[in-house]
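These are the residues of each chain, in order.
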Amino acid sequence: MKKLAYIFLGTSLLFSGCKDLLDRPELTKIVDSEDTYWRNENDLRLFANDFYTNYFVGYNSGFGTAYAPLTGYNFSDDLTSQGAQLNLLGSVPTGAGGTSMTNTALRTTSVLRAEHPGPNWNFYWVRKSNIMIDRLETFAKPKLSEEEFNHWSAVARFFRGYEYSRLVSTFGDVPYFDKPITADDFDQMYKGRDDRGMVMDKVYEDFQFVLENMREDDGVGYVNRYAAAALISNLMLFEGSWQHYHGLDQTKAQKYLELARDAAQYVMDSGKWSFTADFKSLFVSDNLAGNPEVIFYRTYDDALAVRHAVASYSNGTEGQARSANLDLLKDFVCVDGQVWQNSAVTDANSFRLQDLATTRDPRFEATFMDTINTPATGTLVYAHKFAGREALDYIGKTYPPKWGSNTNISDAPIVRLAEVVLNWVEAKQILAENYGGPAVTQEDLGKSINAIRNRPLDDVAVAKGVTKTAPLQLSALPNDPNRDADVSALMWEIRRERRMEFVFEYARINDIRRWKKLTNLNYNNNDFKLGSWIIGTVDLGDKNNPGKILASFVNVLQVMKTDGTIVTYNGSNDAEMVGFYVVRNFTNRLAVNNRNYLAPVSISLIQEYQDRGFTLNQTPGWEQ
Amino acid sequence: MIDQSGMLKPGNSDKFQRYNAAVRVSSELNKYVTLRGGAMFSQRKKTYPYVTSSTTADPWLYLYRWSSLYPLGNNEDGNPIRSPWSENEAANDAIMRRNYINLNAGATVNIMSNWKVDMDYNFTNEDYNWRRNGTRFTAANSWAAAQQRFDENGDPVYVNSNGDVVGAGDEGAILAYDLSNDPYTAAGGVPDHIYLRSENEYKSTLNAFTTYNLNLNSDHDFKFIAGINLVAGRGLFHESQKTNLLDIDNPQFNLATGTQTSGGGEYWDSQLGYFGRVNYAYKNKYLFEGNLRYDGSSTFPTVLKWRWFPSLSAGWVASEESFMEWSKPVLSNLKFRGSWGYIGNQAVASDLYIPNMEVGESTWIANGGKLFGVQSPALRVMDVTWEDLETLDLGVDARFFSNKLGFTFDWYKKTTNNLFVPIEGTTYTLGGPAPLGNYGTLTTKGFEIAVDFNHRFENGLGINLRANLDDATSVFSDYTSSRLTNSNYDGKTFGEIWGYETDRLYQYDDFVLDGDGQPQLVDLTADMTRYNTSGGGKAYLLNGSDAVYQPRFQNSANFYFGPGDVKFMDLNGDGEIDNGDGTVDNPGDMKIIGNSTPRYSYGFRLGADFKGFDFSAFFQGVGQRSIWGAGFLAIPGFHVSDGAMPASFVDDYWTPDNQDAFYPAAFNNGGTANVNNMQIQSKYLLDMSYLRLKNVTLGYTVSKQVLDRIKINNLRLYVALENFFTWDKLNGLPIDPEEVSGESIFNATNYNSGRTGVGTPTFKSASFGIQLNF
């Protein structure tokens, strides 16, 4: 009995020294501290990898659409839908911004709205880059070479600059943070908005650092100075031209535009990229590795199950709710370099898709199908830009995974030379017109617009009769009767070149915002309500009933004659159904307001600041 | 052993099986030492057809979602038509299997007649594996365009409305189309894979305590206990998947040729506690107990690991008092009880105070492989410690008529201090979710009542009744300064639902009608409303200059409140329907319209037996519970693309011919919740109160005399009905009143995307049985 008592005593003594027993830290996560992380370049690289898919979205993945061309970027004055046109935001949202405060939601790549395609009021990525900058300084610096330190600082500052550029493009003034905040530092957290110019000056500093310190080559698939410079030229052109056209700080406008120009120039001068691949190959290639025009791209790979759905929505069968209107079709230059009204090209005034394919700039044929296709429910003009030519053979059949569902594997260009040269020439031209910069010369056009126009053509296009567009001549600029009075003839052509180049990509909606032309979305002329020129019995004919239009179009199909009269198909007037396709049930959107350039913050967010004794100003124009 | 078939008929593999075995031995070595030991084994096995790995849109969802017009079954060529049915039928099985082993050993040592030591050690090991055998589906694919049928000459084939082939010119001839019988799941896509998850969790528990009894002057009974308990657990899991099955009838890792993915993890925790207890009873009339615990947990930072938790209780058996002697014939027992105490809760993640970072695989590809990325460190509050649960309980037990009638009542108040909740008041600029810390208080007050009665009549009829009722509400306090209705503001009742009060449906005579008797769409002006006037908003013109417009809720571009649409009450009379500041103090026209917490839960059991027959019925119910539903079964007009619609909506929505309808005029809300007519509101809030006959059993036990002859110990025959009758107030909607939207064994919070009523329905079962003992 005594023995047992001793055993009992022994056990309880054993467990009273239980420091170790209760020491059971989390096993599957890394601790953010000097001893456990931030030890070497690899740690920094792993931390930075997390940024990539948020900034280099390419074609997104799976059925994801945010920031993806066509499925995400499908809202601009290029495009018209059936029925009511999508309204711009009409009232201040009540909710706090639509994302719950969970980690996943904060990290999600999402776009706030069609008309200001940027992030929501979300500072996850700002914190992430600030943490990286802070840890580089405080923990990693002694363990890295100067070159390593500078490169990774440049990477962190690039993503911070990128994020603030996006936030500013959505909201205008935003609070600027250059350090991570702790969870109880309410004064910092609730600080008011900083002036847009102040924020973008910080971004400017970050970008300058990037252009001086980022590695020129950090291995395939990792961001480098050229890719960064190309993207910086996009972001700085946006901000510089915004400051300029919105009448903000003209000194800053000049400063940003000069950086846009210089960053672009840096890429162009490297001579690493050229316009020696055809336009279609940029968007439909399984592998963009060797493409001479592509500066940075996202790889998709079937074996790794990283796939997308952008090509599917360009395959001839999947629907396109918004599709190219006649206003866009008319803006494509003819192959002689002239606008259609003044062109000498045969059939230049025909708006049959079949004719446009050969009379217009080759990008038209590479972007659109050359026949009417009803899944483009808006105007029946179907954008085929992101699927290979063979995809159209599967209409009515089962598609191979490559061109169907969310199993597409074409690589996505993240940034390509055409953007760089168009940024460059536009920045130069704004500087020349307003800030005493040197005038754009014929030689400059040769490096930019005319270099693009001299892209090779693929064999199928050549066989169809597609030809290159004549170079743009300073001495003989097209005389476009539709040119806006406040835009010079050369600038008009620079803008036109962008419009032709970037259909269904990120550029157009942001272009009309920064040029202060969002009012283009008011659709106040007929071209926005029309598609191409159709011949009903040919384009929408009933195969089993030659000479007749499909019965489903009775009382549905309308065409507009050149004199403006509208004819509705009544089941017997088949022969009369020749004219511009009239968008079904078109109703215009509410008129664009000045305030639609920037997004409001939600009522409850403003309330949240008030509740705690702070103030968050509403975006101008949205105050109630 | 239990073997239960599930609800899913197609595939014939929806089953649940359970096996239990236990052994227990105890041996008294001598008058001082008793040793004991035991083992238990249990296996639970759930099998179901593995159609998809998705838990946000599984076959149950589609069964409810698709219209009844949708063809199920085989087409005329004998090929199944693509549907949840065909997929279940073609699917291989998924099997979840849990093996549970428990080993225990213990000893009691009687040191003296009134002093003993108990020690018990428990080891449990739980093995869990989940195998999912995927497949690829082939069916007449109704999701792709039908293919036109041609004859051998390449000419189109015509059929009549019966599907018979006819000539092109015949009456009623239409072109023939066929669904193409294709393999429609992409190679390597879901569910073309084999998946296995294995998990092992083991836990050691040690309880050791010593008890000392002391009796003074025969009236004073003392009991002293001191002890220790220790729990230490650890778990490991890994999972792997390989795609592209070579043989869909035999899914094997070795016979799959596609992408391999794997994952895994490990977790551990431990708690240690010391406790002491003193019991004192005076003549079994006055009872006291005092407890003191000192607990430590691995979950918290070193300096905050340990805490003291005291508790006290007292009881008074009034029926033992001499002055209660008079009541003896009626009152058998009467006891008053009271207790108060603190216990600690440490059931949270063990890294709440550690700023750690997760590693995740990215979909960015470099150097031929997917990159891994390290995410931002978690935001943390460093001083995380125990959650304190303070309980105050007052109760009375009474029994009457020689214990035939019993009554128990408890009133309690549970206060949870230092709740584990996110730090209050962070905003988006922080750049991450608010970290958990100990903030705020949740106070729960409630009562429990139970009554039981049993009696046997002289003729042998025995009856017994049991009934219970309980209720509780919980209120937040000391957490936030925010007054927003969606925050946990001071005084918020847990589960409350804020919404608008529905007035009625608009009728034609609410509007200024035009010559054709139709309402007229006009531009909103500042006189009518302060909302949507500058952007060119419109509304149907209402009668009366002080009419209240509802432009705030015209959330869809082409939605305008007209006849048959919902008219809300302007509760604050400001001429607008809105939520004011969204705060408790100025909620506009919102108010608390219900609560999602079950209130007034009750149950009663009736039993009787007579001459070998036995009967029992068990009812269960909830007196009050509301939810605002989600999805197409709960919200009329949720999304027309969802196909199926409850008959309750279809039969009673507003049309010019059915103006006193319950549901508003038809409109497609496009899958968006809480828009247009369907703002959260009183009229369409789901009343989830119910009464359900959970079980009714009738049995007959064959009499001993008969059985003895055939050497059978016991033979009982019975018939039982489960869940056969339910009385609810759901207006005929196919929603189970017990369900919690989004909760299931597959996905605890977002099952089938949180839609209401789209999970496995409650079983109704009838069973007949024989119980036989030799």
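As the structure is a prediction and not an experimental result, all values here were calculated from the model.

Secondary structure summary: chain B contains four helices and 40 strands in total. The principal-axis extents of the C-alpha atoms in chain B amount to approximately 110 × 75 × 70 Å. The burial tally for chain B puts 43% of its 774 residues in the buried class. Of the contacts made within chain B by residues no fewer than 6 positions apart, 65% connect residues no fewer than 24 positions apart. By element, 54% of the accessible surface of chain B is carried by carbon and sulfur atoms, the whole surface being about 38300 Å². Separation between the mean location of the 63 positive side-chain charges and that of the 87 negative ones in chain B comes to 12 Å.

Listed by partner, the interface residues are 83 residues for chain A and 82 residues for chain B. Of the roughly 7200 Å² buried where chain A meets chain B, counting both sides, 62% is carbon and sulfur surface. Applying the counting rule to chain A against chain B returns two salt bridges. R612 of chain A is the partner of E424 of chain B in a salt bridge, and the nearest nitrogen-oxygen pair spans 2.6 Å. Among the elements that take part in the side of chain A that touches chain B, helix α22 (residues 603–611) of chain A stands out by supplying six residues, more than any other. Grouping the constituent residues of the side of chain A that touches chain B by class yields 45 nonpolar, 21 polar and 17 charged. Here strand β1 (residues 30–31) of chain A pairs with strand β19 (residues 356–357) of chain B via two bridges, running antiparallel. Across the sheet, I30 of chain A pairs through a bridge with M357 of chain B, a residue of β19 of chain B.

Here we take up the side chain of T80 of chain A. Residues and elements named next belong to chain A. With respect to the helices and strands, T80 occurs in strand β2 (residues 79–81). A polar side-chain atom of T80 sits 3.0 Å from a polar atom in the side chain of N325. Setting aside anything within four residues of it in sequence, one finds T80 in contact with Q85, A321, R322, S323, N325, G378, T379, Y523, F528, V583 and F586.

Per the UniProt annotation, the sites labelled "domain: SusD-like N-terminal" (unreviewed entry) are residues 115–235 of chain A. The span residues 115–235 of chain A shows a helical share of 63% and a strand share of 0%, and its end C-alpha atoms are spaced 17 Å apart.

Here we come to the packing of aromatic side chains. Going through the model one piece at a time under the given rule, you end up with 83 aromatic pairs over all chains. Centroid distance F222 of chain B to F224 of chain B: 6.1 Å. Interplanar angle 5°. Geometry classified as stacked. Owing to a relative accessible area of 22%, F222 of chain B belongs among the partly exposed residues under this scheme. Taking NZ or CZ as reference, K191 of chain A lies 5.3 Å from the ring centre of F177 of chain A, over its face. Across the ring face of F662 of chain B, the terminal group of K683 of chain B is positioned such that the distance to the ring centre comes to 5.1 Å.

Our focus in this paragraph is the nonpolar core. Residues and elements named next belong to chain A. Ranked by internal contacts, the top residues of the largest apolar core, which has 117 residues, are F56, W121, M132, F158, Y164 and M236. No other element matches helix α6 (residues 146–171), which puts twelve residues into this core. Those residues in contact with M132, other than ones at most four positions away along the chain, are L44, F47, A48, F51, W152, V155 and A156. Counting residues in each nonpolar core, the second largest holds 61 residues, with Y59, L328, V381 and Y399 among its members.

The next point concerns empty space enclosed by the protein. All names here are of chain A. Tallied over the full model, the rule gives seven cavities of 30 Å³ or more. For the largest cavity, the calculated volume is near 670 Å³. Looking at the largest cavity, it is lined by 37 residues, and the ones nearest its centre are Y73, Y162, N234, Y506 and N510. For the lining of the largest cavity, the elements supplying multiple residues, two or more each, are α6, α9 (225–245), β5 (412–416), α15 (417–434) and α20 (507–514).

Before going further, it helps to examine the UniProt feature "domain: RagB/SusD" (unreviewed entry) in chain A. As recorded in UniProt, the feature "domain: RagB/SusD" (unreviewed entry) lies at residues 323–622 of chain A. End-to-end, the C-alpha atoms of residues 323–622 of chain A are 31 Å apart, and along that stretch the chain is 29% helix and 8% strand.

As a further point, take the pattern of salt bridges. Any two side chains of opposite charge can pair, on the condition that their charged atoms come close. Residues and elements named next belong to chain B. Taken as a whole, this structure holds 88 salt bridges over all chains when the rule is applied. When the shortest N-O distance is used, the salt bridge between D120 and R36 registers 2.9 Å. Of the two residues, D120 sits in strand β5 (residues 115–133) while R36 sits in strand β3 (residues 33–50), which places them 84 residues apart along the sequence. Residue R36 is classed as buried on the basis of its relative accessible area of 19%. With a closest N to O distance of 2.8 Å, D523 and K538 form a salt bridge. With D523 in strand β30 (residues 521–523) and K538 in strand β31 (residues 538–540), this pair connects stretches of sequence that are 15 residues apart. Under the relative-accessibility criterion, K538 is labelled partly exposed at 32%.

Another aspect to go through is the confidence of the model for chain A. Regions with low pLDDT carry predicted coordinates that are not meant to be interpreted in detail. Here chain A averages 92 in pLDDT, and 95% of its residues register 70 or above. In the predicted structure, residues 1–18 of chain A sits below a pLDDT of 50 and forms 13 contacts with residues beyond four places in sequence or in another chain.

Cut-offs and rules
- Residues numbered from 1 in each chain as written.
- Chains lettered and ligands numbered in written order.
- Predicted model: local features only at pLDDT ≥ 70, side-chain atom pairs only at ≥ 80, totals over all residues.
- Heavy atoms only, no water.
- Helix = DSSP H or I, 4+ residues; strand = E, 2+ residues; numbered from the N terminus.
- Buried < 20%, exposed > 50% of the residue type's maximum accessible area, 1.4 Å probe, protein only.
- Contact = heavy atoms within 4.5 Å.
- Areas by Shrake-Rupley, 256 points an atom, 1.4 Å probe, with all protein chains shown as cover.
- Lys, Arg positive; Asp, Glu negative; His and termini not counted.
- Charge placed at Lys NZ, Arg CZ, Asp CG, Glu CD.
- Buried area = accessible area lost by both parts, 1.4 Å probe.
- Salt bridge = Lys/Arg side-chain N within 4 Å of Asp/Glu carboxyl O.
- Nonpolar A, V, L, I, M, F, W, Y, C, P; charged D, E, K, R; others polar.
- Pairing = 2+ DSSP bridges.
- Polar contact = N/O pair within 3.5 Å; in protein donor to acceptor, adjacent residues only side chain to side chain.
- UniProt positions renumbered as here; feature names shortened; annotations may be inferred.
- Phe/Tyr/Trp six-rings, centres within 6.5 Å; stacked < 30°, edge-to-face > 60°.
- Lys NZ or Arg CZ within 6 Å of the ring centre and 35° of its normal.
- Core = buried A, V, L, I, M, F, W, Y, C linked by side-chain atoms within 4.5 Å.
- 1 Å grid on protein atoms, 1.4 Å probe; cavity = no way out; pocket = protein on both sides within 12 Å on 5 of 7 lines; lining within 4 Å.
- Points joined across faces, edges and corners; volume = space filled by probe spheres on them.
- pLDDT = per-residue confidence, 0-100.

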